[in-house]
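Examining the three-dimensional arrangement
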Amino acid sequence: MNATYQATLSIEGMSCASCVGRVDRALADLSGVESVSVNLANETARLELDAPDRLAAVAAALDELGYPARRGEAVLSIASMSCASCVGRVDKALATVPGVLEVNVNLASETARVTYLEGAVEPGDLVRTATEAGYPARIAGANASQDQTARKEEEARGLARRVTLAALLALPVFILEMGSHMIPGMHGLIGRTIGHQASWLIQFALTSAVLIGPGRQFYLKGIPALLKGAPDMNSLVAVGTGAAYAYSVVATFLPGLLPEAVRAVYFEAAAVIVVLILIGRWLEARAKGRTGAAIRKLVGLQPRTARVMRDGEAVETDIDMLQSGDVIVVRPGERIAVDGEVVEGDSHVDESMITGEPAPVAKETGDPVTGGTVNGAGSLQFRATRVGADTTLAQIIRMVEEAQGAKLPIQGLVDRITLWFVPAVMGLAALTVLVWLVIGPDPALTLALVAGVSVLIIACPCAMGLATPTSIMVGTGRAAEMGVLFRRGDALQGLGQVGVVALDKTGTVTEGRPELTDLVLAEGFARADVLAKIAAVEARSEHPIADAILRAAKAEGLTMHDVSEFVSTTGYGVRALVGGVEVLVGADRMMTREGVDTSALVESETALAGRGRTALYAAIDGQIAAVIGVADPVKPASRAAVAALHGMGLKVAMITGDKRETAEAIARETGIDHVIAGVLPDGKVAALDELRAGGKQVAFVGDGINDAPALAHADVGIAIGTGTDVAIESADVVLMSGDLRGVVNALEVSRRTMANIKQNLFWAFGYNVALIPVAAGVLYPAFGVLLSPVLAAGAMALSSVFVLSNALRLRRIAPLMDEAKTPEPFERRPSEVAAQ
């Protein structure tokens, strides 16, 4: 199977769900495009291509469609260029970077000016490409590589200026026209002073300025889209306001063409509609900027410079210039620049942004460090092992961005509706005008115009297009802040639908390494002496249980004795002379073979086995001295997390390759409902199918290489972030922490986000279903109510603002289980139980 190339482009001009549909269809029809996901909230298109060189065709298609991909420009300072052939090599190297559109290399100024597709290329990629070609580069200037947040802030400021200008121009129009209807005596006052014809001329001049100035974008984009037979939101606004304006111009300058009864102007409607829609877009731009807050926080964790050892001196260097193998100096309190391994010094590092654990982690020579974490009071030098896009932080940011740009299955409904929605609205508006003209009361023409324009304005599908992507952006961003990374966006929807959570045992429910849990002594023996002798013997063994005993002895500060005549017997145990005394450690069959009486500790051994412990005997100088209990201990948070999952109405199962007695003991300890034990990795896949009985969807949580098949096979695979890279790559969701509290928080985010999406869709669709008939005039025959186009514009803008504001509430999701606190038994709130 051929590998695909993935790219994310930033798209200009998308303003509603119908725009999204057109971009999606146009890109999907291109040769070599294997999948497309267009996102209105962050104005991006994510594509999978069969080859990187398809990007140029994609950019050309977007330009022709009227939704161009944003271009960025970077200026690089290039060293070591000495002739025209150097220029050619640099030009060729940069031009081959996928997403680069134009390269201009200047030998005299030793610079390269590169135009590229935003999202597909980063300036750091260009720097590395030129440097790897043998011409060291650095960024001299980049003026179009602003991130989305900065762009949204600039867009919001621009819209604020346009709103202010439009409002200043529209206010006199509104006062002159509506004041005559609302303020007693004002109609006569205008007639006695400037005259009604002069009033109409003033309104014409000011409204023309509004439409030509702040409102021209609706016509520049909407009319071409309409002529292409693909009307969008801008088309609705352009036709609606254009109709009101044109009617008013005829009434003002060619009054003889209209019957006297319908001779009226609607300049105020055209002007105020533009103002209100611009206000709505201004509020949208501000809200959209806040939806990316999580990404901004993550990006802010990465320092811009680092101190790199060069010729024995620490030199401050831009982070984009760092290479694997560089030795980097970190002073106390500084943030670590990239991933690496400590080569000198010792300190404590705050890794809470990665693990969620508040306690700083001790670091010394040989220990790994992660970019974005904060150094404590010590000084460190570390060798960079992963830089640029390969760092853990960069991968986290990439996961979050990919999840935010994903298209959930629920979005398919929106896409199908918006394919025909705008054309249907325009047809409905035309039908509304026709019905009013045929059967409407006098003045039928005026009423038909008001109703038709109101239908066009109120039906703009902005809220529909924003309903899903804004919730996804905010929800996945908040999840990232809680240490939950959705690698695949559709897992956000799938996780909320699972009925069973299946857990791997080792490393997921348990710590993943054996520990000495019990040491039951026979009468007359002291713990320190027995443990020291046992540990001395086990120091010669390679068995995992030996490591557990050694760690326990070291933790208690015991001194190891000299060992001689060590013998290991497979299936029985080990023996050796410790300080001249014979020590035996092994199973009961070893003690029987050696003639050691174990009757004093048989009951203890049986009790340990019943609790899922691996029980061994120890004999010293021919006498039974102790029974040892070794087990893989349950993580402190596991029991509370299982209780929390039960509180959410879910069944919890455990799938493990361990023997049933051990697995059932852990299940009893943690409250797990169902145990499937003694299975091989491929058996875990079959176990998942067994758990799906009855049509339930299953999430599987694991951390090891042997869990990868099950993670891929589950409806939703959840990898513990402290696990293997193979497991993480196979999963849909990654938990940055090392315990099950993240599963609870992931489910909470999923459920809350999906509920938020459904609220948004209900509002967006319900709003249109309810108000389009009102705008068309269904209430007029009974109540004499006909919705004003101005009110329609205000309601339309309010609809989008409501959807965005509702999505932003997801930023306040609180973790159900706070990973920065000591785990406690979980109790679901009564209101939440009732809601299940």
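Residues numbered from 1 in each chain as written. Predicted model: local features only at pLDDT ≥ 70, side-chain atom pairs only at ≥ 80, totals over all residues. Heavy atoms only, no water.

Identification of the chain as Cu+-exporting ATPase from Primorskyibacter flagellatus is taken from an unreviewed UniProt entry. Check the Sequence similarities (unreviewed entry) section of the UniProt entry for the chain; it says "Belongs to the cation transport ATPase (P-type) (TC 3.A.3) family. Type IB subfamily." (UniProt positions renumbered as here; feature names shortened; annotations may be inferred.)

**Some points on the overall build of the chain**
Scanning the chain for helices and strands turns up 31 helices and 29 strands. Counting only contacts in the chain whose residues sit at least 6 apart along the sequence, the fraction spanning at least 24 positions is 69%. Looking at the chain as shown, the accessible area adds up to about 35600 Å², and 56% of this sits on carbon and sulfur atoms. (Helix = DSSP H or I, 4+ residues; strand = E, 2+ residues; numbered from the N terminus. Contact = heavy atoms within 4.5 Å. Areas by Shrake-Rupley, 256 points an atom, 1.4 Å probe, with all protein chains shown as cover.)

**A closer look at the packing of aromatic side chains**
Working definition: an aromatic ring pair is given by the centre-to-centre distance plus the angle between the planes. Under the defined criterion, the tally for this structure stands at six aromatic pairs. An aromatic cluster is present here, built from Phe204, Tyr245, Phe253 and Phe267 joined pairwise through their rings. Sitting over the ring of Tyr572, Arg589 keeps its end group 5.9 Å from the ring centre. One residue, Arg593, lies across the ring of Tyr572, its end atom 4.6 Å from the ring centre. (Phe/Tyr/Trp six-rings, centres within 6.5 Å; stacked < 30°, edge-to-face > 60°. Lys NZ or Arg CZ within 6 Å of the ring centre and 35° of its normal.)

**Quick look at the pattern of salt bridges**
Scanning all chains against the criterion turns up 21 salt bridges. Across the pair Arg128 and Asp125 runs a salt bridge whose closest N-O atoms are separated by 3.0 Å. Placement of the pair is Arg128 and Asp125 together in helix H4 (residues 123-132), with a separation of three residues, close to one helical turn. Take Arg128: its relative accessible area is 23%, and that puts it in the partly exposed class. Looking at Asp125, the relative accessible area reads 28%, which means it is partly exposed. Note that Arg692 and Asp689 form a salt bridge whose closest N and O atoms lie 2.8 Å from each other. (Salt bridge = Lys/Arg side-chain N within 4 Å of Asp/Glu carboxyl O. Buried < 20%, exposed > 50% of the residue type's maximum accessible area, 1.4 Å probe, protein only.)

**Quick word on the environment of Ser31**
Relative to the helices and strands, Ser31 is located in the loop between helix H1 (17-28) and strand E2 (33-39). Under the relative-accessibility criterion, Ser31 is labelled exposed at 56%. Along the backbone, Ser31 and Asp50 are 19 residues apart, and their C-alpha atoms lie at a distance of 9.0 Å.

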